[in-house]
Amino acid sequence: MGVAGAAGIGWGAAGPRERESDDALDVVPFYGTHQAGIETTPPAHVAFAGFDLAPGVGREDVIGLLRIWTDDAARLTQGIPALADTEPELAARPARLTVTVGFGPELFTATGLTARRPGWLRQLPSFPVDRLEPAYTGADLVLQVCAQEATTVAHAVRVLSKHVKSLVTPRWVQRGFRDAPRGRTMRNLMGQVDGTVTIAPGTADFDRLVWDDGASTPWLSGGSSMVLRRIAMDLDSWDELDADGRELTVGRKVTTGAPLTGTAEDDEPDLTAVDRNGIPVIPPSSHVARARHTHDGERFLRRGFNYDEAPAPGQLSNSGLLFVAYQRDVDAQFLPVQQRLAEFDALNEWTTPIGSAVFVIPPGVPAAGHYLGQQLFE
Ligand code: HEM
């Protein structure tokens, strides 16, 4: 037993020196052209909170709600307690907190703004692989709250939820996590390196594929869209598959995440390569072969998190992926890939979509005095 333990001092009080040099005090800027939390490197913890507007809530109420969320998020993300924060101490560790707000299709109906709803903003069509549960599907508003510390996330979700409680009904909260040394790709709960193929922040590709330029929907310039799919993993039957089977299912190596045709994670998969018997090295049925974009306009940003909840009685686990995709146009970029995977993907034997929601992500708040989503209401 260490000295601190012997003296009966708690871990928090006597924590090792490195506890003080973590990123608890790091902040991500709140104001900007885009909302934070999309281009931002994903931290360890997330909560997605979906809300429905209360009956009778209209345009002015929604503007009021967005003003409150803007003020709360502008403070909390910078390590400042929200107004009337009942636990101001919990705001002291922002830990790279970001708050990202999205609007569901029905918000436009409630506010009388259906003419301004982007054409792609609707629930996804139902796919044969789906087993959607209402408890994780749809919502009028979403908050994506990310931080390096789970306590920070919990505090922010609570503050943001209770400050608007007369205007909304909470529909679901989905918590997730991801762990990876800085600069490395996370692993999902099937053990795979997940998130290799991505769109690098700050690049022309990111501008073109993720951020809206306002060409067809002027108020959305600088915004984006978010698809959130809750995908359950059947880890008990996955356990029965050996390493070769796992690699052929995905098309990448379990150890390094390298494509079966390469040696390093970043190597380009070669979908045309065949072995000496003429059999494709990366099976055409594998997840990467099916998911790979067939043209540039099918690319989107993935920013997923693991989830691991209490199992139902008689079950061993309740785990999966909070699959999150951002793109300028859901119909053009995301939908064709999702349709292809729903038609066939070797991974489908072990994965089941159980939740689904689509949101438009309004642009960022340019400066103090403005509010989130203001461009929609002007
Ligand atoms: C790639 C896992 C669902 C789209 C990958 C990779 C893994 C993976 C391990 C390879 C590494 C990488 O590039 O990230 C999973 C798991 C899923 C899932 C476990 C469900 C639980 C989905 C869904 C979509 C999707 C629903 C889209 C509708 C993609 C794309 C790639 C990819 C576009 C990159 C393909 C490439 O260009 O090589 N996924 N995925 N995935 N996945 Fe998924």
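Everything that follows concerns the structure shown earlier in this document.
Analysis parameters
Residues numbered from 1 in each chain as written. Predicted model: local features only at pLDDT ≥ 70, side-chain atom pairs only at ≥ 80, totals over all residues. Heavy atoms only, no water. Donors = N, O, S within 2.8 Å, 3.2 Å for Na, K, Ca; no water. Helix = DSSP H or I, 4+ residues; strand = E, 2+ residues; numbered from the N terminus. Buried < 20%, exposed > 50% of the residue type's maximum accessible area, 1.4 Å probe, protein only. Pairing = 2+ DSSP bridges. 1 Å grid on protein atoms, 1.4 Å probe; cavity = no way out; pocket = protein on both sides within 12 Å on 5 of 7 lines; lining within 4 Å. Points joined across faces, edges and corners; volume = space filled by probe spheres on them. Nonpolar A, V, L, I, M, F, W, Y, C, P; charged D, E, K, R; others polar. Near = heavy atom within 4 Å. Polar contact = N/O pair within 3.5 Å; in protein donor to acceptor, adjacent residues only side chain to side chain. Patch = residues over 30% accessible without salt bridge, like charges linked within 9 Å, V, L, I, M, F, W, Y side chains within 5 Å. Areas by Shrake-Rupley, 256 points an atom, 1.4 Å probe, with all protein chains shown as cover. Salt bridge = Lys/Arg side-chain N within 4 Å of Asp/Glu carboxyl O. Lys, Arg positive; Asp, Glu negative; His and termini not counted. Charge placed at Lys NZ, Arg CZ, Asp CG, Glu CD. Core = buried A, V, L, I, M, F, W, Y, C linked by side-chain atoms within 4.5 Å. Contact = heavy atoms within 4.5 Å.

S.K.: How do you make sense of the coordination of the iron atom of the ligand when you look at a structure like this?
M.R.: For a metal bound by four donors in tetrahedral geometry, the ideal donor-metal-donor angle is 109.5 degrees, whereas six donors in octahedral geometry ideally sit at 90 or 180 degrees. Of all protein atoms, just one serves as a donor to the iron atom of the ligand, and that atom is H287 (NE2), at 2.0 Å. Looking at the element boundaries, H287 is found in helix 9 (residues 287–291).

S.K.: Quick question: what am I supposed to make of the pairing of strand 2 (residues 98–103) here?
M.R.: Remember that side chains alternate between the two faces of the sheet whenever the strand is regular. The buried fraction of strand 2 is high, at six of six residues. Judged by which residues are buried, strand 2 turns out to be covered on both faces: T98, T100 and G102 on one side and V99, V101 and F103 on the other are all buried. Where strand 2 meets strand 3 (residues 141–147), six bridges bridge the pair, whose relative direction is antiparallel. Paired with T98 across the strands is C146, a residue of strand 3.

S.K.: Any chance you could explain unusual backbone geometry here in plain terms?
M.R.: Glycine aside, negative phi is the norm for most residues, and most peptide bonds take the trans geometry. Within the chain, A84 stands out as a residue other than glycine whose phi angle is a positive 55°. Looking at where A84 falls in the secondary structure, it is placed in the loop between helix 3 (59–76) and strand 2. Look at A84 and you get exposed, because its relative accessible area is 69%. Not every positive phi belongs to a glycine, and A95 is a case in point at roughly 45°. Relative to the assigned elements, A95 resides in the loop between helix 3 and strand 2.

S.K.: What should I look at first to understand empty space enclosed by the protein in this one?
M.R.: Over the atoms rolls a probe the size of a water molecule, and in doing so it shows where empty space is left. For the coordinates displayed, the defined rule picks out three cavities of 30 Å³ or more. Considering only enclosed or pocket space, the largest cavity measures out at about 70 Å³ in volume. Contributing to the lining of the largest cavity are V28, P29, F30, Q35, A36, T77, V99, G364, V365 and L372. Taken together, the residues of the lining of the largest cavity break down into seven nonpolar, three polar and no charged. In this structure, the second largest cavity occupies an estimated 50 Å³ of space. Along the walls of the second largest cavity sit Q192, V193, R246, E247, V250, R252, K253, V254 and G257, which together make up its complete lining. Taken together, the residues that form the lining of the second largest cavity break down as three nonpolar, two polar and four charged.

S.K.: What am I meant to see in the site of the ligand here?
M.R.: Taken together, 25 residues surround the ligand, and among them G195, T196, H287, R292 and R302 come closest. Contacts to the ligand include H287, whose side-chain N or O atom sits 2.8 Å from a nitrogen atom. In the environment of the ligand, an oxygen atom lies 2.9 Å from a nitrogen or oxygen atom belonging to the side chain of R302. When its residues are assigned to classes, the shell around the ligand shows 14 nonpolar, seven polar and four charged.

S.K.: Can you help me understand a negative patch on the surface in this one?
M.R.: A cluster of acidic residues, D234, D236, D239 and E240, forms a negative patch at the surface. Along the polypeptide, E240 turns up in the loop between helix 7 (235–238) and helix 8 (243–250). Exposure remark for E240: the relative accessible area of 69% places this residue in the exposed category.

S.K.: Sorry, what's going on with the environment of D275 here?
M.R.: Tracing the sequence through the fold places D275 in the loop between helix 8 and helix 9. The sequence separation of D275 and E240 amounts to 35 residues, and the corresponding C-alpha distance is 26 Å. At 2.9 Å, the side chain of D275 and the backbone nitrogen of N277 are in polar contact.

S.K.: How do you make sense of the layout of surface pockets when you look at a structure like this?
M.R.: By volume, the second largest pocket amounts to about 230 Å³. Taken together, 16 residues line the second largest pocket, and the ones lying closest to its centre are A232, Q315, S317, N318 and S319. Of all the secondary-structure elements, those providing two or more residues to the lining of the second largest pocket are strand 5 (224–233), helix 7 and strand 8 (318–327). Across the lining of the second largest pocket, the residue classes break down as nine nonpolar, four polar and three charged.

S.K.: In this structure, what is going on with the nonpolar core? I would like to understand it.
M.R.: Counting residues in each nonpolar core, the largest one holds 73 residues, and the members touching the most others are W69, F103, L141 and L143. Apart from the residues within four sequence positions on either side, L141 is in contact with A49, G50, F51, L53, L65, W69, G102, F103, G104, L107, V168 and F359. Counting 25 residues, the second largest nonpolar core, distinct from the first, contains L209, V210, M226 and I354.

S.K.: What is the right way to read the environment of I354 from this model?
M.R.: Its place among the elements puts I354 in strand 9 (residues 351–361). Each C-alpha atom, one on I354 and one on D130, is 6.4 Å from the other, the two residues being 224 residues apart in sequence.

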